[in-house]
Amino acid sequence: MVRSAKQQVFVEEYLACWNAAEAARRAGYSAKTARQQGQRLLTNVDIAEAIRRRIAEKTMSADEVLVRLTAQGRADLGEYLSDDGEIDLAAMKRAGATHLLRKVKRTVRSGESASGGTWTEERVEVELYSAQVALELIGRHHRLFADKVEHELKMTPFSADEMAQAQHEMDAWKKLNSNEPESNG
């Protein structure tokens, strides 16, 4: 268990920047010795365990990844879509569906009109995660899309002489491997 508040701050800062010296500085350790302090703190068993615990808390489990991908694959944004094709972002926030958004970009343009007035145009671009990609990833996880390779084997029949030669070589190999003395017969 991490013993001091300073060490706990170090753990959180380390997880934010992944640099032991910087995390030590941010946690309040001396800037002169931050590099050594950071390395010493990382080798502390309690701090290393606290870091592992926090990573486990922060990362997604495999099940959570599949749940998120499933939500993307099944997403029906019709309830958030207006008749003019605009997405109601406020309604998505209220419903907790913003994880379906890949990107939201807002641009505001303004200018002066010919009559001397001013105008302002606001535009919001919304990009969603691809349902197709989500379905493909889930399908690959479940091995639904096995690559199939077709092979064609063309066999040429052996002649009687080739078969006799092969039988002779097989007999010689069997005798050699059975440690039987070869007869001259």
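Criteria and cut-off values
Residues numbered from 1 in each chain as written. Predicted model: local features only at pLDDT ≥ 70, side-chain atom pairs only at ≥ 80, totals over all residues. Heavy atoms only, no water. Salt bridge = Lys/Arg side-chain N within 4 Å of Asp/Glu carboxyl O. Helix = DSSP H or I, 4+ residues; strand = E, 2+ residues; numbered from the N terminus. Buried < 20%, exposed > 50% of the residue type's maximum accessible area, 1.4 Å probe, protein only. Core = buried A, V, L, I, M, F, W, Y, C linked by side-chain atoms within 4.5 Å. Contact = heavy atoms within 4.5 Å. Arc of directions from axis to C-beta. Axes fitted to C-alpha atoms, helices over the stretch in contact; angles between N-to-C directions. Parallel < 35°, antiparallel > 145°, perpendicular 65-115°, else oblique. Phe/Tyr/Trp six-rings, centres within 6.5 Å; stacked < 30°, edge-to-face > 60°. Lys NZ or Arg CZ within 6 Å of the ring centre and 35° of its normal.

1. Some points on the pattern of salt bridges
According to the stated counting rule, one finds 12 salt bridges in the structure shown. Of the charged contacts, one joins arginine 3 and aspartate 46 as a salt bridge, the two residues approaching to 3.8 Å between their closest N and O atoms. Separated by 43 residues along the polypeptide, arginine 3 in the segment before helix 1 (5-17) and aspartate 46 in helix 4 (residues 45-58) bring together distant segments of the chain. The residue glutamate 49 makes a salt bridge to arginine 52 at a minimum N-O spacing of 3.3 Å. With glutamate 49 and arginine 52 both in helix 4 and three residues apart, this pair spans about one turn of that helix. Taking the relative accessible area as the measure of exposure, glutamate 49 reaches 35% and is therefore partly exposed.

2. Some remarks on the nonpolar core
Formed by 14 residues in total, the largest nonpolar core has its most connected members in Phe10, Val11, Tyr14, Ile47 and Ile51. Within the residue set of this core, elements represented by two or more residues are helix 1, helix 2 (20-26), helix 3 (34-43) and helix 4. Per-element tally for this core: the top contributor is helix 1, with four residues. With residues near it in sequence (within four places) discarded, tyrosine 14 still touches Asn19, Ala20, Ala23, Leu42 and Ile51.

3. Here's the deal with helix 3
Residues of helix 3 that are buried: Ala34, Gly38 and Leu41. Considered in projection along helix 3, the buried side chains sweep an arc of 65° and stay on one side of the axis. Opposite the buried face of helix 3, at more than 90 degrees from it, the exposed residues are Arg35 and Thr43. Considering only its buried residues, helix 3 is in contact with helix 1, helix 2 and helix 4.

4. Let's talk about the packing of helix 1 against helix 3
Each packed pair of helices is defined by two parameters, the angle between the axes and the distance between the axes. Packing of helix 1 against helix 3 brings their axes to within 11 Å, and their N-to-C directions diverge by 95°. Here helix 3 runs roughly perpendicular to helix 1, going by the angle between their axes. Contact residues: helix 1 offers Gln7, Phe10 and Tyr14, while helix 3 offers Gly38, Leu41 and Leu42.

5. Some words on the packing of aromatic side chains
This model, assessed by the stated rule, comprises two aromatic pairs. Seen in terms of ring centroids, phenylalanine 10 and tyrosine 14 are 6.0 Å apart; in terms of plane orientation they differ by 20°. Their pairing is stacked. Of this pair, phenylalanine 10 and tyrosine 14 both sit in helix 1, four residues apart, which is roughly one turn of the helix. Exposure remark for phenylalanine 10: the relative accessible area of 0% places this residue in the buried category. Relative to tryptophan 18, the ring of tyrosine 14 has its centre 5.4 Å away and its plane inclined at 70°; by these criteria the two rings are edge-to-face. Over the ring of tyrosine 29 we find lysine 6; its NZ or CZ atom is 4.6 Å from the centre of that ring.

6. Some thoughts on the environment of threonine 33
Tracing the backbone shows threonine 33 in the loop between helix 2 and helix 3. Judged by relative accessible area, threonine 33 falls into the partly exposed class, the value being 34%. Separated by 117 residues in sequence, threonine 33 and glutamate 150 have C-alpha atoms that sit 64 Å apart.

7. A few points about unusual backbone geometry
The backbone of tryptophan 18 shows a phi angle near 60°, a positive value even though the residue is not glycine. Take tryptophan 18: it is sitting in the loop between helix 1 and helix 2. Phi is positive for arginine 143, close to 55°, though the residue is something other than glycine. Topologically, arginine 143 is positioned in the loop between helix 7 (131-141) and helix 8 (160-177). You can call arginine 143 exposed: its relative accessible area is 73%.

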